[in-house]
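# Commentary on secondary and tertiary structure
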Amino acid sequence: MGNCNACVRVDDVADSNRGKKNKKTKPNPYAEEEIRSGVPIRVLKDVTSRSLIGDKYVIGRELGRGEFGITYLCTDRETKQELACKSISKRKLRTAIDVEDVRREVAIMSTLPEHANVVKLKATYEDEENVHLVMELCAGGELFDRIVARGHYSERAAANVARTIAEVVRMCHANGVMHRDLKPENFLFANKKENSVLKAIDFGLSVFFKPGERFSEIVGSPYYMAPEVLKRNYGPEVDVWSAGVILYILLCGVPPFWAEDERGVALAILRGVIDFKREPWPQISDSAKSLVRQMLEHDPKKRLTAEQVLEHSWLQNAKKASNVPLGDIVRTRLRQFSLMNRLKKRALRVIAEHLSVEEVEIIKDMFTLMDTNKDGKVTYEELKVGLRKVGSQLAEPEIKMLMEVADVDGNGVLDYGEFVAVTIHLQRMENDEHFRKAFMYFDKDGSGYIELGELEKALTDESGDTDTAVLNDIMREVDTDRDGRISYEEFVAMMKTGTDWRKASRQYSRERFKSLSINLMKDGSLQLHDDISGQAVVV
Amino acid sequence: MFAKKRSQHGGVVSSMPSSNAKKLLRLPHVFAKILELPFPSDDDVLVEETPQFFRFVASCNAGGVRALAIEILPGITKIVIKRMDGGDVAVAGRHQQVPSGFGLWRFRLPPGTQPEMVTAVSIGGKLVVTVPKIKSRAN
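This write-up is about the structure you can find in this document.

Cut-offs and rules
- Residues numbered from 1 in each chain as written.
- Chains lettered and ligands numbered in written order.
- Predicted model: local features only at pLDDT ≥ 70, side-chain atom pairs only at ≥ 80, totals over all residues.
- Heavy atoms only, no water.
- Helix = DSSP H or I, 4+ residues; strand = E, 2+ residues; numbered from the N terminus.
- Buried < 20%, exposed > 50% of the residue type's maximum accessible area, 1.4 Å probe, protein only.
- Contact = heavy atoms within 4.5 Å.
- Core = buried A, V, L, I, M, F, W, Y, C linked by side-chain atoms within 4.5 Å.
- Pairing = 2+ DSSP bridges.
- Axes fitted to C-alpha atoms, helices over the stretch in contact; angles between N-to-C directions.

A word on the overall build of chain B. The helix and strand inventory of chain B stands at one helix and nine strands. Helices (α) and strands (β) of chain B occur, in sequence order from the N terminus, as α-β-β-β-β-β-β-β-β-β. Residues classed as buried in chain B amount to 45% of the 139 residues present. Considering only contacts in chain B between residues 6 or more positions apart, those separated by 24 or more positions represent 60%.

Residue and element names in this part refer to chain A. By size, the foremost hydrophobic cluster in this structure holds 98 residues, and its most contacted members are Leu143, Tyr153, Phe187, Leu247, Leu250, Leu251 and Trp314. In terms of residue count, the dominant contributor to this core is helix α6 (residues 237-252) (twelve residues). Residue contacts for leucine 143: discarding those within four places in its chain leaves Tyr153, Val161, Ile165, Pro184, Phe187, Phe189, Leu198, Ile246 and Leu250. Core analysis: the next-biggest nonpolar cluster, separate from the first, contains 42 residues, Met366, Val378, Val422 and Tyr488 among them.

A few words now on the sheet that holds strand β2 (residues 33-40) of chain B. Strand order in the open sheet formed by four strands is β5-β6-β2-β7 (chain B), with mixed pairing between adjacent strands. The strands lining the two open edges of the sheet, one partner per strand, are β5 (65-73) and β7 (104-108) of chain B. Ignoring strand direction, the axes of neighbouring strands in this sheet form an average angle of 25 degrees. As paired elements, β2(B) and β7(B) share five bridges and run antiparallel to each other. Bridge pairing links B:Pro40 to B:Leu104 in β7(B). On top of the sheet, helix α7 (residues 262-271) of chain A reaches β5 and β6 (76-83) of chain B; it is set at about 10 degrees to β5(B), its chief contact.

That's the geometry; what it means functionally is another story.
Okay, structure coming up:
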């Protein structure tokens, strides 16, 4: 029943803080009849042991809490094994339905065979105030939290999660159990590792079913409920729908059926329109979209079964799926940037100087936004704060990488030219006109080639002194026909090196840049004219 | 000569992970009939059941209140308590009203109740909410 999280760590709770609340019921002046007696209810019918939970287990710190229970770390007194104890207060069991749900949860968890992806129920206890369910400990946190932290998953990682969830559904259905409450909050990772085993943890709304049996009770969670639940006529296929919603969320970070309130969400579910146009769906494989569509099939008779989901080619070929979450593109670009030769970096700055007013405006404003002390340089701290301000989700290691690779002269801060150069690189240029202008900048005598002398002159301007070995290295790298000078074709080839990214990344970069721009506008930092703000402004 | 290759612009601005987080929320369960009170989920609320009604009594300094039966869909009704002006009743210990209702005191009303007939009164520092039951023929 409810969201019981076995692993969110909170500060230790001293034993005294869990003392009993001894509030006596005050006489109710409005009672027309005698208040029902306060005799504590008996929830578990066949308690196998008369002992108390404290006889066998030491109850430790609170791990998390959900709608109906609090989960504590507990330790077996004999074996020292660490477990999780979900304590459900009888004060929360407010109706006979609630009581029946707990009984059924225990019955279901006791009935299901042991499975690597379902948390194991070890023991149950009941006292005057609580029902205690002792389960194996999952210390890796909720799937929900990892989704929120990542934004969304790569196809390969999403396929691994989806396979686990589909396997849980298959096993439940094979054993006559309908889960009815599948959602990311109800899956825990066994440990902190990236490749940790994932386990289903909550069967509070689950029910036994026989093949062909229909149900009409409305239970579930918004976003994840199948349309036939809302229509009050459903069977176990509802779990495949919920798994399909989770898969959609894994791949793009937001629910497929979303609105500001519960009614809006319910109507969106009934409408059943799935948005595959929003980012990042255009970059996701057709096979993944095919699976999502078939799991979110409105007609339960046509919807895939859990077994069919497991047989789908996208899951079968998961190792071939892209393992580059789109957020990693920035990291990859930064690595490319650090490997560039100095001519290319200098060329990017030249290109920056030739950007149109509109194109450079946003970059300039981003720089100004970050340069909080207005000294014309951005420190690492300013960069970090500034990126957060524009809504960037770059993690600290990525920001450090950005700082290191962008800081071409290695003085520990970014000047405007360095900032623009790396920004342009991240946006992945497409305009050959920029290449031409940059080339002509270096080709001082207009001969159509960049000679060694011109190269030396251009790079000397920037760094003060130029190592002959560096010049020779650049010439050797760029001058592919070995005629001792750089032609325009060789120059363009150099500029495009590392551009062999798939088409998707190009589109994503533009979208990210526009998102940053939009965030800047929302931040109030940009003062764009109306005729500009409606335009895309990438190079 | 080198032709210009200006890339196509357009397309929908993508959501950043930060805005994704605002759209993926923890939400409480959906049931056919649910009562939500403006108190933390752990608060003491006296629940009284008679053959005619359920009654809920709790300490509350909300002033004038009214009960609204919101039909989420036909067959799904949620009772919420609002101020007379329609605004939200402040929930103790809750700095910001979370529209999702997660963490509020909730009660799953049994099938035999009539949430659309709910009444609420705030009197003497107490909030009293009454949900009638469907009258059975046997009465």
